[in-house]
Amino acid sequence: MNILVCIKRVPLTGDKLVLTPDAQTLDTRLLGFTISPHEECAVEEAVRLVEKYGGSSVALTLGVEPATEQLRDAMAIGIDRAIHLVTGADDNAPEWDPLATAGAIADAIRADGAAFDLLLFGNEAADSGGYQVGIRVAHTLDLPCVTGVKGLEVNGNMLTAKRETAGGMEIFELPLPAVVTVKEGLNLPRYPSLPGRLKAKKKPIVTSSLAWRDGGLEKLQLKLPPEQTHQAEMLGKGADAAPRVVDVLERLGLL
Amino acid sequence: MILVFIEHSNRRIDDTSLEALTVGRQLADKMNVPLHGALVGSAADEIVARAGEFGVTVLYAAELAQPDTYAPAAYAVCLVELLDNSKPQAVIAAGTERGNEIMAHVAARANLPLAANCTDVQPGADLIVTRLRWGGSLLEEAKLTGTSKLLTIAPNSVPLATVEPTRVTVQSFAPQLSERDYRARVTARVETAAGKVSLASARVVVGGGRGVGSAEGFRELEELADLLGGAVGGSRVVTGLGWRPHHDQIGQTGTRIAPELYISCGISGAIQHMVGAKAAKHILAINTDADAPIMSKADYVVIGDLHQVVPAIIAEIKARRG
Ligand SMILES: Cc1cc2nc3c(=O)[nH]c(=O)nc-3n(C[C@H](O)[C@H](O)[C@H](O)COP(=O)(O)OP(=O)(O)OC[C@H]3O[C@@H](n4cnc5c(N)ncnc54)[C@H](O)[C@@H]3O)c2cc1C
Ligand SMILES: Nc1ncnc2c1ncn2[C@@H]1O[C@H](COP(=O)(O)O)[C@@H](O)[C@H]1O
C-alpha cells in the first residue's frame with residue numbers, strides 16, 4: 001500500500017496560553033512544537049499498514065521551515081519520505097486557512113505523481129480546528145472520504161472504518177483509494193527509537209516554497225476565553241483531609 | 001435567506017440544531033431576511049412545529065432513495081442543491097461530528113470557505129465570527145467571506161431562544177444523487193452495552209494522571225468511583241502509557257465530561273486536559289504539589305499523596321455509611 005499522511009506543526013502549549021501583543025498568534029518563544037495527537041495516530045497507522053502489506057509511506061506538511069522537525073519525527077517512527085511545502089522562515093509566518101491549505105496539499109499530491117491507496121489526515125488540526133482539510137482534498141481528488149475514524153481495517157481494495165457515536169459505533173465501508181481522517185485512540189503510537197532517529201536523518205525530504213494564498217477565512221485576532229477564576233477551598237493535607245472531603249461530598253448530595 | 005441544516009432523531013430536532021436555529025434566527029432578523037430549514041428524511045409534525053417555534057418559514061425535506069443509509073457526501077448534495085437554487089446568505093449547521101462533516105463536504109463542492117465551531121456571528125457583507133480553537137481553550141475572531149457564508153455552531157455555546165411560532169411551509173424534494181455520493185456510507189451500527197456509567201454523562205468522575213504511578217494504581221480510584229456511582233477517567237499521559245484505554249481520556253482529544261464533581265488525582269491540569277472538564281460543576285484536586293496548575297483551577301484542593309488520600313476518603317465514606 002502507498003500511504004500519504006498529512007501532519008501540521010503546532011505549538012506544544014503548556015499550562016497557560018500567552019498571546020503575542022498583536023493578538024495574531026500564540027507567543028511560542030518558550031514553547032516546543034508537535035503535531036496533533038490525532039495525526040500521531042495517523043502516522044502510526046500508516047507505518048503499521050506498510051509493515052503489514054508492504055508499499056511505502058510519505059508524510060506531507062504545509063508549514064514553516066522548522067516544520068522539518070515534525071517530518072523527521074514521523075520518519076523516525078517509520079515513514080519513508082517527506083514532502084515539505086514551505087510557507088515561511090519562522091513560526092510567525094502568516095497562517096493559511098483550510099481552503100487554501102487543502103488546495104496546496106491537493107496540488108502537491110498530484111505533482112508527486114505516486115499512486116496513493118490511502119490518504120490519512122487528522123480529524124481536526126489541534127490548533128485551528130478547521131474540521132475540513134481532509135474532506136476538501138478528497139473532493140478535489142475525487143476520492144471517497146470518512147472522518148473521525150477510530151478503527152481501520154483493509155480487506156483487499158475495500159476499507160472498513162469505525163467511528164464512535166453517542167450510543168455506540170458506526171461502521172463505514174468504502175473502496176480504496178480513499179481519504180480517512182482519524183482520531184486519537186485509533187492506535188497507541190510508538191515512541192521513536194534512537195536508530196529510528198538516526199535513519200530519519202538520511203530519509204529524503206522534497207521541499208518547495210509557496211506564496212501565501214487567500215482562502216476566504218481571515219483571522220482578525222485571537223482572544224483568551226474569560227478566565228474561570230476559582231477561590232479554591234483548601235481541605236487539608238494528606239489522609240487527614242478525608243473527613244472534610246466527605247463533608248463536601250455530602251454537601252453536594254453525592255453520598 | 002438564511003438556511004439552517006437540521007439534525008433530528010426520533011421525531012425530535014437535536015438540541016445542537018436548535019442552537020444553530022437560534023443563531024440563524026438572530027442573524028436573519030439582523031439582516032432582515034427569512035429563515036429556512038433543511039433536513040434529510042421526512043418532516044414529522046413534531047419537527048415542523050418545533051421549527052416554527054424557532055422562526056422557520058420554509059422547511060425543505062430531502063427525500064432520499066436510500067433513507068436509512070448515512071452517507072456524508074449524499075447529505076451534502078442535498079444542501080448544495082438548495083445552495084445553488086436559492087443562494088442563501090448563509091448556511092448554518094451544528095458543530096457536531098455530522099454537522100461539521102457534512103458542511104465540509106458542502107464547502108468543498110461549492111468551493112467556499114467554512115468556519116467551524118462558531119460561538120458568535122455578527123452580520124455584514126462579510127460575517128465576523130468568533131470560533132473555537134484548541135478545542136475551546138482559545139477564541140478566534142475571523143472574517144468569513146463567500147457568496148454564501150458557511151458555518152457551524154459550537155455545541156452548548158448559545159442559549160436557546162424561541163419566538164412567536166411561525167407558519168411553516170414544508171417543501172419536499174428529491175435531490176439528484178449518483179452512486180459516487182454513496183462510495184463512503186454507513187453499512188452497520190454497533191450499540192454499546194448498557195449498564196456501565198459513561199464518562200461523558202457520569203455525575204461523579206474520578207480522574208487519574210501520571211501521579212497514579214501505574215495501571216494497578218487505578219484500583220483505588222475505581223473503588224472510589226464505584227462508591228459514588230461514578231466513572232473513572234484519566235489524562236493523556238495515562239492513556240499514552242497504556243495504563244488506561246483511550247476512551248477513558250478526558251480532554252481536547254478525549255471525552256468532554258460534565259459531572260457535578262470531578263475528583264482529579266495526580267493530574268497537573270494542562271490546558272488540553274482542563275478543556276475537557278470545562279463543564280464540570282465542581283473540581284476537587286488531589287496533588288502532592290501545591291503549585292500545580294490544577295490547584296488554581298479547582299474549587300477544593302487536598303495537598304498530598306493520592307495513594308494516602310484516596311484510601312482515607314474511601315474509609316471515611318464507608319464509616320459514615322456504617
Ligand atoms: C494537541 C494536544 C492535545 C492534548 N490532548 C489532551 C487530552 O485530551 N487530555 C489530556 O489529559 N492531555 C492532553 N494533552 C497533554 C497535556 O498537555 C498534558 O501533557 C497531560 O494532560 C499531562 O498529564 P498528567 O497531568 O497526568 O501528567 P503530568 O503533567 O506529568 O502531571 C502529573 C501530576 O501528578 C502530581 N503527582 C505526582 N505524584 C503524585 C502523587 N503520588 N499524588 C498526587 N499527585 C501526584 C504531580 O505533582 C503533577 O502535578 C494534549 C496535548 C496536546 C499538545
Ligand atoms: N498545514 C498543514 N499541513 C499538513 N496537513 C495539514 C495542515 N493543516 C491541516 N492538515 C491536515 O488536515 C487535518 C485537518 O485540519 P483542519 O481541517 O485544518 O482542522 C489535520 O489534522 C492534518 O492532518
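This brings us to the nonpolar core. Formed by 94 residues in total, the largest nonpolar core has its most connected members in Leu118(A), Leu119(A), Leu120(A) and Leu152(A). Counting residues per element, this core draws most heavily on helix 3 (residues 72–86) of chain B, at 8 residues. Core analysis: the second largest hydrophobic core is formed by 35 residues, Ile13(B), Leu18(B), Leu27(B) and Phe54(B) among them.

Buried accessible area, meaning the area lost when the parts come together, often serves as the stated size of an interface. With 82 residues of chain A at the interface, the matching set in chain B holds 84 residues. For the chain A face of the interface with chain B, the top three residues by lost area are Leu217(A), Lys223(A) and Leu254(A), together amounting to 8%. Summed over the shared surface of chain A and chain B, the result is 13 salt bridges. Note that Glu141(B) and Lys223(A) form a salt bridge whose closest N and O atoms lie 3.2 Å from each other. Counting across the chain A and chain B interface gives 42 residue pairs in polar contact (both at pLDDT 80 or more). Across 4 bridges, the pairing between strand 14 (residues 233–237) of chain A and strand 17 (residues 300–303) of chain B is parallel. Note that in strand 17 of chain B the partner of Lys237(A) across the bridge is Ile303(B).

Another point: helix 8 (residues 306–321) of chain B. What sets the pattern is the α-helix's 3.6 residues per turn: residues three or four places apart point alike. All names here are of chain B. The end-to-end C-alpha distance of helix 8, which contains 16 residues, comes to 22 Å, matching closely the 22 Å that a straight helix rising 1.5 Å per residue would cover. Residues of helix 8 that are buried include every one of Leu306, Val309, Val310, Ala312, Ile313, Ile314 and Ile317, and no others. In this structure Asp305 caps helix 8, since a side-chain oxygen of it lies 2.8 Å from the backbone nitrogen of His307. The first or second residue beyond helix 8 is Gly322, which carries a positive phi of 80°.

This part takes up the domain arrangement of chain B. Residues and elements named next belong to chain B. Partitioning chain B into domains gives domain 1 (2–182) and domain 2 (204–321). The gap between the C-alpha centroids of domain 1 and domain 2 is 38 Å. At the junction of the two partners, domain 1 supplies 4 residues and domain 2 supplies 6 residues. Both faces combined, the contact of domain 1 with domain 2 buries some 370 Å², and carbon together with sulfur accounts for 46% of it. For domain 1, the biggest contributors to the area lost against domain 2 are Trp134, Gly135 and Ser137; these three give 84% of the whole. In this structure, the connection of domain 1 to domain 2 is made through 0 salt bridges. For the pair domain 1 and domain 2, the number of links is 2 residue pairs in polar contact (both at pLDDT 80 or more). Of the residues in the side of domain 1 that touches domain 2, the class split is 1 nonpolar, 3 polar and no charged.

This next bit is on the site of ligand 1. By nearness alone, 29 residues border ligand 1, and Arg210(B), Ser235(B), Ser268(B), Gln272(B) and Asn287(B) come closest of all. Around ligand 1 the close residues trace back to chains A and B. At 3.0 Å from an oxygen atom of ligand 1 is found a side-chain nitrogen or oxygen belonging to Gln249(B). Here an oxygen atom of ligand 1 and a backbone polar atom of Gln252(B) are 3.0 Å apart. Considering ligand 1 on its own, with 990 Å² of exposed area, one finds that the protein chains cover 83% of that surface. Put simply, the parts of the chain that give the shell around ligand 1 at least two residues each are helix 6 (236–240) and helix 7 (271–274) of chain B. Its residues assigned to classes, the shell around ligand 1 comprises 10 nonpolar, 15 polar and 4 charged.

Below, the discussion takes up the packing of aromatic side chains. Per the counting criterion, the structure on display carries 2 aromatic pairs over all chains. A ring pair is formed by Tyr70(B) and Tyr75(B), whose centres lie 4.9 Å apart and whose planes are at 85°; its orientation type is edge-to-face. Each member of the pair Tyr70(B) and Tyr75(B) is classed as buried. Members of the aromatic cluster, connected to one another through ring pairs, are Phe172(A), Tyr70(B) and Tyr75(B). The residue whose ring lies beneath Arg9(A) is Phe33(A), and the NZ or CZ to ring-centre distance is 3.8 Å. Just above the ring of Tyr70(B) sits the side chain of Arg98(B); from NZ or CZ to the centre is 3.6 Å.

As a further point, take the packing of helix 2 (residues 68–76) of chain A against helix 5 (residues 194–202) of chain A. All names here are of chain A. For the pair helix 2 and helix 5, interaxial distance at closest approach is 8 Å and the crossing angle is 125°. Considering the angle they form, helix 2 stands oblique to helix 5. Between helix 2 and helix 5 lies a crossing of right-handed hand. The residues of helix 5 that touch helix 2, namely those facing Arg72, Asp73, Met75 and Ala76, are Gly196, Arg197, Ala200 and Lys201.

The rules behind each value
Residues numbered from 1 in each chain as written. Chains lettered and ligands numbered in written order. Predicted model: local features only at pLDDT ≥ 70, side-chain atom pairs only at ≥ 80, totals over all residues. Heavy atoms only, no water. Core = buried A, V, L, I, M, F, W, Y, C linked by side-chain atoms within 4.5 Å. Buried < 20%, exposed > 50% of the residue type's maximum accessible area, 1.4 Å probe, protein only. Helix = DSSP H or I, 4+ residues; strand = E, 2+ residues; numbered from the N terminus. Contact = heavy atoms within 4.5 Å. Buried area = accessible area lost by both parts, 1.4 Å probe. Salt bridge = Lys/Arg side-chain N within 4 Å of Asp/Glu carboxyl O. Polar contact = N/O pair within 3.5 Å; in protein donor to acceptor, adjacent residues only side chain to side chain. Pairing = 2+ DSSP bridges. Expected span 1.5 Å × (residues − 1). Domains from an automatic or database assignment. Nonpolar A, V, L, I, M, F, W, Y, C, P; charged D, E, K, R; others polar. Near = heavy atom within 4 Å. Areas by Shrake-Rupley, 256 points an atom, 1.4 Å probe, with all protein chains shown as cover. Phe/Tyr/Trp six-rings, centres within 6.5 Å; stacked < 30°, edge-to-face > 60°. Lys NZ or Arg CZ within 6 Å of the ring centre and 35° of its normal. Axes fitted to C-alpha atoms, helices over the stretch in contact; angles between N-to-C directions. Parallel < 35°, antiparallel > 145°, perpendicular 65-115°, else oblique. Left-handed = near helix turned anticlockwise from the far one by under 90°.

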